Amino acid sequence: NEFYVSHECLILDYETSLTKKLLLGDYYNSSAHMLWLGDRTRNIKSAHVEYLSGIINPIGIKCGSDLDVNDLKLIIKKLNPLNEVGKIVLICRFGAKNIEKVLPLLINMVTQNKLNVIWSCDPMHGNTYKSKNQYKTRNFRTITEELKLFFEIHHNSKTRADGVHFELTPNDVTECLGGIRNIQEADLHKNYETACDPRLNHEQSIELAFLITDLIKKRCNYG
């Protein structure tokens, strides 16, 4: 089976050491198939943008709630000067409370400038918070709310929701609130295993899969 590797382009010394010059003169980062530009390094003047503009890998761009759409326009044009299809993936991570304000502005900028992008929704990161008992967590309700709004806004804009991003595990963890078992903050300690981001457990993941199927069926004629 084929599988593909992706990670954030963060430590430039590491990335450049694994960048190879190909026979035709292009440069390819061999540490991953796709690299992404992080929300905190997403700046037209950043060294990360400069580096990514020199490689031919597909590039993801994390788009958070503090997004400057004019700066992003310059970044996309620098990373993809030929406006190639499939080169740029916009990974939207606004949070349920911000997506209705930010995503339409972003879609409008992209469509007005006729930029070729792939639209992906990351409803995990923008909905992360620290619980009263100091666990880093997410609520299944806000995750699904942002996901539904992502599909709805694209439908209304006559654009296409292309992909999704989640952190999940087949294990029976208690890291994200809600879901079928209605995990509460008081339950987080029972099986909290992650060392980084809280993940959906197997039940919550299956719920989400069915939800996405329903969202696609309802909007199968758009885009």
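All of the points below concern the structure found in this document. It should be emphasised that the depicted structure is a prediction, and the values quoted were computed from it without experimental measurement.

### Looking at the environment of Ser46
Move 1: Among the secondary structure elements, Ser46 is positioned in the loop between strand S4 (34–37) and helix H2 (47–52).
Move 2: Judged by its relative accessible area of 15%, Ser46 falls in the buried class.
Move 3: Note: C-alpha distance between Ser46 and Gly25 (21 residues apart in sequence) is 24 Å.

### Observations concerning the side chain of Thr142
Move 1: Inspection of the secondary structure puts Thr142 in helix H5 (residues 140–157).
Move 2: With a relative accessible area of 15%, Thr142 lands in the buried category.
Move 3: Apart from residues lying up to four places away in sequence, Thr142 is in contact with Ala96 and Asn127.

### What about the state of the cysteines?
Move 1: Throughout the structure, instances matching the rule amount to zero disulfides.
Move 2: For Cys63, which is in no disulfide, the shortest distance to another cysteine sulfur is to Cys92 and amounts to 5.2 Å.
Move 3: Among the residues examined, Cys63 registers a relative accessible area of 0% and is labelled buried.

### What about the sheet that holds strand S9 (residues 136–139)?
Move 1: Taken together, the three strands give an open sheet; going across it, the order is S8-S9-S11, and neighbouring strands pair in mixed fashion. For this open sheet the edge positions go to strand S8 (128–130) and strand S11 (176–177), each flanked by a neighbour on one side alone.

### Topic: unusual backbone geometry
Move 1: One non-glycine residue with positive phi stands out, namely Lys158, at about 60 degrees.
Move 2: Unusually for a residue other than glycine, Asn182 sits at a positive phi of about 50 degrees.
Move 3: On the secondary structure map, Asn182 appears in the loop between S11 and helix H6 (202–218).
Move 4: Note on Asn182: relative accessible area 46%, which makes it partly exposed.

### Section: a nonpolar patch on the surface
Move 1: A cluster of nonpolar residues, Leu10, Ile11 and Tyr14, forms a patch on the protein surface that exposes about 310 Å² of accessible area.
Move 2: Residue position: Ile11 is located in the loop between strand S1 (6–8) and helix H1 (12–17).

### As for the nonpolar core
Move 1: Formed by 47 residues in total, the largest nonpolar core has its most connected members in Ile61, Leu90, Leu106 and Trp119.
Move 2: When neighbours within four sequence positions are excluded, Trp119 is seen to be in contact with Leu90, Cys92, Leu103, Leu106, Ile107, Val110, Phe150, His154, Arg160, Ala161, Asp162 and Gly163.

### Concerning the packing of helix H4 (residues 99–112) against H5
Move 1: It is the contact of H4 with H5, at a shortest axis distance of 10 Å, that shows an interaxial angle of 35 degrees. As for how H4 packs across H5, the hand of that crossing is right-handed. Contacts between H4 and H5 involve Ile99, Glu100, Leu103, Pro104 and Ile107 from the first element and Glu146, Leu149, Phe150, Ile153, His154 and Ser157 from the second.
Move 2: Considered class by class, the residues forming the contact of H4 with H5 number seven nonpolar, two polar and two charged.

### Structural notes on the pairing of strand S5 (residues 59–63)
Move 1: Among the five residues of S5, five are classified as buried, and the element is accordingly described as predominantly covered.
Move 2: Residue alternation in S5 divides its side chains into two sets, Ile59, Ile61 and Cys63 and Gly60 and Lys62, and both sets are buried.
Move 3: Pairing of S4 with S5 involves three bridges; the strand directions are parallel. Note that in S5 the partner of Leu37 across the bridge is Ile61.
Move 4: As a crossover connection, the stretch from S4 through H2 into S5 is right-handed.
Move 5: Note that the unit made of S5, helix H3 (residues 69–79) and strand S6 (residues 88–92) has a crossover that is right-handed.

### Notes on the pattern of salt bridges
Move 1: Within the structure shown, the criterion is met by 13 salt bridges.
Move 2: The partner of Asp162 in a salt bridge is Arg160, with the nearest N and O atoms 2.6 Å apart.
Move 3: Using a relative accessible area of 31% as the deciding quantity, one classes Asp162 as partly exposed.
Move 4: Notably, a salt bridge pairs Arg199 with Glu175, separated by 2.8 Å at the nearest N-O pair. With a gap of 24 residues between them, Arg199 in the loop between S11 and H6 and Glu175 in the loop between strand S10 (163–164) and S11 connect regions that are remote in the sequence. Of the two residues examined, Arg199 and Glu175, each falls in the buried class.

Rules behind the numbers
- Position numbers for residues start from 1 in each chain and track the written sequence from start to end.
- With pLDDT at 70 or above as the cut-off, local features in this predicted model cover only qualifying residues; side-chain atom pairs require 80 or more to be listed or tallied, and sums for whole chains, interfaces and linings still use all residues.
- Think of the side-chain values as coming from all heavy atoms in the structure, minus any hydrogens and water.
- Helical segments are the DSSP runs of H or I of at least four residues, strand segments are the runs of E of at least two, and each set is numbered from the N terminus.
- The buried label applies to any residue whose accessible area, calculated with a 1.4 Å probe on protein chains only, is under 20% of its type's maximum; exposed applies above 50%, and partly exposed to all values in between.
- Residue contacts are counted whenever heavy atoms from the two residues lie within 4.5 Å of one another.
- When the sulfur atoms of two cysteines come within 2.5 Å, that pair is taken as a disulfide.
- By definition, two strands form a pair when at least two bridges between them are found by DSSP.
- Patch membership is restricted to residues that have no salt bridge and whose relative accessible area is over 30%. Joining uses 9 Å for like charges and 5 Å for the nonpolar side chains Val, Leu, Ile, Met, Phe, Trp and Tyr.
- Computed by Shrake-Rupley with a 1.4 Å probe, the accessible areas treat only the displayed protein chains as cover when residues are assessed.
- Every case where a carboxyl oxygen of Asp or Glu lies within 4 Å of a side-chain nitrogen of Lys or Arg is listed as a salt bridge.
- As used here, the term nonpolar core means buried Ala, Val, Leu, Ile, Met, Phe, Trp, Tyr and Cys residues forming a set that is joined through side-chain atoms within 4.5 Å.
- Fitting a line to C-alpha atoms yields each axis, with helices limited to the stretch in contact; the angle taken between N-to-C directions then spans 0 to 180 degrees.
- Crossing handedness: left-handed means the near helix sits turned counterclockwise from the far one by under a right angle, and right-handed means the same turn made clockwise.
- Residues are grouped as follows: Ala, Val, Leu, Ile, Met, Phe, Trp, Tyr, Cys and Pro are nonpolar; Asp, Glu, Lys and Arg are charged; all remaining types, including Gly, are polar.
- With its strands directed away from the observer, a crossover is right-handed exactly when the path from the first strand over the helix to the second travels clockwise.

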